[in-house]
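Each chain is listed here by its residues.
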There are 2 protein chains.
Amino acid sequence: LTRLRTFYATVAYDGTAYGGWQFQANAISVQQRFEESLTKIEGYRVPIIGSGRTDSGVHAEGQGVSFTLANWRAPADRLVPALNRHMPRDVSVLTCRETLFTFHAQRHAIAKRYRYRIRSAQSPDPFHSLYHWRVVWPLDVRAMEQASRYLLGEHDFASFQSHGSPRKSTVRTIRDFVFSSIDVLSGQDLSIVIEANGFLYNMVRNIVGTLMEIGRGKLPPEVMKEILETRNRKAAGETAPAHGLCLIHVFYDDYWFLDQYDTSGNS
Amino acid sequence: LTRLRTFYATVAYDGTAYGGWQFQANAISVQQRFEESLTKIEGYRVPIIGSGRTDSGVHAEGQGVSFTLANWRAPADRLVPALNRHMPRDVSVLTCRETLFTFHAQRHAIAKRYRYRIRSAQSPDPFHSLYHWRVVWPLDVRAMEQASRYLLGEHDFASFQSHGSPRKSTVRTIRDFVFSSIDVLSGQDLSIVIEANGFLYNMVRNIVGTLMEIGRGKLPPEVMKEILETRNRKAAGETAPAHGLCLIHVFYDDYWFLDQYDTSGNS
């Protein structure tokens, strides 16, 4: 008798070699690699659902994935080494938990956290150049942080949505904005973390592109409020490069996960 | 009137895409990329001298390089951005200082420091897999550190020299051995730093390969003393993979550097 079981896995990947998360005709996708690993384990083609797409060159430290299996009998966490055995070196499954059968990694995501990395320094870093946007000018991180305050909370973010993947509503809620840098006066090794209940297409990269104009002194921090209110993409700055972006975490309600109900101590 | 000036530069590189430091027929070398950049600045082919070779896949955070220029008139440190303008993304010049004319980065090196990285963990790390040796077994770091004590000081390291590049003498002095790890009981993210007045061919990788046999419990720490005394390569462990190795620093006497004599405050 077949008992179908649904699982949630988190996966980290270096997006450099891929055409993005989602299947496509002319490039290898991370989704394809993940499905190939599952196919080797289950013996038939297993479709998976990601929490959302990441573009070509964008990385992930915690993309969320759901899938349903017919043959797997072992505990959920045993899927981690089983999947990694078939993964290429730039994709790694981190965790796996069993869920309610109706769980869906995209529809049930309640928030996401992204990080954007920038390096402002004279000498390039040969080991991390694929993971941050390198600029040669100094950045005023305090001005950038000040500008970001206008974006906190619920707003219409139409000014920060790129063409190509329109959403029904352009209203989103930014729950958190965290800046960290070795040196706030020069912006050296700056990291910007943005958490929201959802993101429009290219929203993080368009916000970062605008913050950079403010950080280098081309625009004052107060202009961010006006840009937001115009609801016009042309008012905001350029789209920041893909390779500085990383999907850090996807949030879900706890009640989807079966181990929440397990009182025996086994998973 | 041409005034020849000699310079010392430090350079960092990700060795993944290269056939090693040194020029060769069938692969791109870091040396070639460095000389191409100098050629663009000087207008003629400039030969350079590295402190030593690094093998294919080996990285550097501080390889040392010397060269003599006929046309450069600006201060030495201005060569850093000038060179980086022509470098690929995986090679970066960090510093540049003017030296006495007879300075030679290979002959005058008095010591070198290497780091070898190992990751012992269930899930692979997709962002750093090209920079550490990943193993799936736990490592007893205290046993490895104990074994390393037998190698400190002046010894004949013939047991740790690979074929292919014999030296006149196989006696070297290891000045320092530093182990660090997130967890000494499991060996997670272990880093081994070795500093010596010189290294035989593959010496660090052969020492690390032997330490790993001890770390995973196949050999007791005391066996290191016997392996050293046999002066026989076959007694020691396998050669550790190249991509875990990084040349961190090359040491020279201060008196080679002209800025040591400069009392005006200018370089």
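Everything here concerns the structure above.
What you see is a predicted model, and the numbers here were worked out from it, not measured in a lab. (Residues numbered from 1 in each chain as written. Chains lettered and ligands numbered in written order. Predicted model: local features only at pLDDT ≥ 70, side-chain atom pairs only at ≥ 80, totals over all residues. Heavy atoms only, no water.)

Colleague: I'd like to hear about the overall build of chain A, residue by residue, with values.
Modeller: Helix and strand counts for chain A stand at 5 helices and 10 strands. For 267 residues, the compact-globule formula gives about 18 Å, and the C-alpha radius of gyration of chain A, at 20 Å, lands near that figure. Considered along the principal axes of its C-alpha atoms, chain A spans approximately 65 × 40 × 40 Å. Within chain A, the fraction of its 267 residues that count as buried is 53%. Relative to all contacts within chain A whose residues are 6 or more apart in sequence, the contacts with residues 24 or more apart total 73%. Carbon and sulfur atoms make up 50% of the accessible area of chain A, which totals about 12,400 Å². Separation between the mean location of the 31 positive side-chain charges and that of the 27 negative ones in chain A comes to 5 Å. (Helix = DSSP H or I, 4+ residues; strand = E, 2+ residues; numbered from the N terminus. Rg over C-alpha atoms; globule rule 2.2 N^0.38 Å. Buried < 20%, exposed > 50% of the residue type's maximum accessible area, 1.4 Å probe, protein only. Contact = heavy atoms within 4.5 Å. Areas by Shrake-Rupley, 256 points an atom, 1.4 Å probe, with all protein chains shown as cover. Lys, Arg positive; Asp, Glu negative; His and termini not counted. Charge placed at Lys NZ, Arg CZ, Asp CG, Glu CD.)

Colleague: An account of the interface of chain B and chain A is requested, with residue identities and associated values reported.
Modeller: Taken together, the 25 residues of chain B in the interface contact 25 residues of chain A. Summed over both sides, the interface between chain B and chain A buries roughly 1,700 Å², with carbon and sulfur atoms accounting for 62% of that surface. When the buried area of chain B at its contact with chain A is split by residue, Arg89(B), Pro126(B) and Phe127(B) rank highest and sum to 39% of it. Run the count over chain B and chain A and you get 0 salt bridges. For the pair chain B and chain A, the interface holds 6 residue pairs in polar contact (both at pLDDT 80 or more). Within the residue set of the side of chain B that touches chain A, elements represented by two or more residues are strand E1 (5–13), strand E3 (59–69), helix H2 (79–84) and strand E4 (91–99) of chain B. Of the residues that constitute the side of chain B that touches chain A, the class distribution is 13 nonpolar, 7 polar and 5 charged. (Buried area = accessible area lost by both parts, 1.4 Å probe. Salt bridge = Lys/Arg side-chain N within 4 Å of Asp/Glu carboxyl O. Polar contact = N/O pair within 3.5 Å; in protein donor to acceptor, adjacent residues only side chain to side chain. Nonpolar A, V, L, I, M, F, W, Y, C, P; charged D, E, K, R; others polar.)

Colleague: Residues and numbers for the side chain of His132(A), please.
Modeller: All names here are of chain A. Checked against the element boundaries, histidine 132 lands in the loop between strand E5 (111–120) and strand E6 (133–135). Classification of histidine 132 as buried rests on a relative accessible area of 6%. Look past the residues within four positions of histidine 132 in its chain and what remains in contact with it is Arg117, Ile118, Arg119, Asp125, His243 and Gly244.

Colleague: Tell me about the packing of helix H3 (residues 141–148) of chain B against helix H4 (residues 203–215) of chain B, and please be specific about residues and values.
Modeller: Residues and elements named next belong to chain B. Their axes nearest at 8 Å, the elements H3 and H4 cross at an angle of 135°. With respect to their mutual orientation, H3 and H4 come out oblique. Classified by chirality, the crossing of H4 by H3 is right-handed. Residues Ala143, Met144, Ala147 and Ser148 of H3 touch H4, and the partners they reach there are Leu211, Met212, Ile214 and Gly215. In terms of residue class, the contact of H3 with H4 is built from 6 nonpolar, 2 polar and no charged. (Axes fitted to C-alpha atoms, helices over the stretch in contact; angles between N-to-C directions. Parallel < 35°, antiparallel > 145°, perpendicular 65-115°, else oblique. Left-handed = near helix turned anticlockwise from the far one by under 90°.)

Colleague: Explain the relation of the copies chain B and chain A residue by residue, including any values.
Modeller: Of the transformation placing chain B onto chain A, the axial shift is 0.0 Å and the rotation is 180°, giving an RMSD of 0.0 Å. Viewed as a symmetry operation, the transformation between the two copies matches a two-fold axis. In this assembly, 100% of the residues forming the interface of chain B have copies in chain A that are likewise at the interface, indicating an isologous arrangement. (Least-squares fit on C-alpha atoms with pLDDT ≥ 70 in both.)

Colleague: How would you summarise the packing of aromatic side chains if you had to cite specific residues and measurements?
Modeller: On inspection of all chains with the given rule, the structure shows 30 aromatic pairs over all chains. Considering the side-chain rings of Phe177(A) and Phe179(A), the 5.8 Å spacing of their centres and the 15° angle between planes classify their relative orientation as stacked. Comparing Phe177(A) with Phe179(A) shows no difference in burial state: the two are buried. Consider the rings of Phe157(B) and Phe160(B), whose centres lie 6.5 Å apart with planes at 55°: the pair is tilted. (Phe/Tyr/Trp six-rings, centres within 6.5 Å; stacked < 30°, edge-to-face > 60°.)

Colleague: So, the environment of Tyr261(A): which residues are in play, and what are the values?
Modeller: Relative to the helices and strands, Tyr261(A) resides in the segment after strand E10 (245–251). Measuring from C-alpha to C-alpha, the distance between Tyr261(A) and Leu185(A) comes to 49 Å, with 76 residues separating the pair along the chain.

Colleague: So what about unusual backbone geometry? Which residues, and what values?
Modeller: Residue and element names in this part refer to chain B. With a phi angle near 50°, aspartate 189 is a residue other than glycine that sits in the positive phi range. Position of aspartate 189 among the secondary structure elements: in the loop between strand E8 (171–180) and strand E9 (190–196). Even without being glycine, asparagine 202 reaches a positive phi, approximately 65°. Taking relative accessible area as the criterion, asparagine 202 reaches 14% and is therefore assigned buried.

Colleague: Can you break down the pattern of salt bridges residue by residue, with the values?
Modeller: Going through the model one piece at a time under the given rule, you end up with 22 salt bridges over all chains. Measuring nitrogen to oxygen at the nearest pair gives 2.8 Å for the salt bridge that ties Glu98(B) to Arg5(B). Residue Glu98(B) is found in strand E4, and its partner Arg5(B) is found in strand E1; the two are separated by 93 residues along the sequence. On the basis of relative accessibility, which here comes to 15%, the residue Glu98(B) falls in the buried class. Several salt bridges converge on common partners, so that one network encompasses Arg113(A), Arg175(A) and Glu195(A).

Colleague: Just give me the short version of the nonpolar core, but keep the residues and values in it.
Modeller: Grouped together as the largest cluster of nonpolar side chains are 73 residues, with contacts concentrated most on Phe34(B), Phe67(B), Ile118(B) and Phe160(B). Setting aside chain neighbours within four positions, we find Phe160(B) in contact with Leu151(B), Tyr201(B), Asn202(B), Met203(B), Asn206(B), Ile207(B), Thr210(B), Met224(B), Ile227(B), Leu228(B), Arg233(B) and Ala236(B). In this structure, Phe157(A), Phe160(A), Ile192(A) and Ile227(A) belong to the second largest nonpolar core, which totals 71 residues. (Core = buried A, V, L, I, M, F, W, Y, C linked by side-chain atoms within 4.5 Å.)

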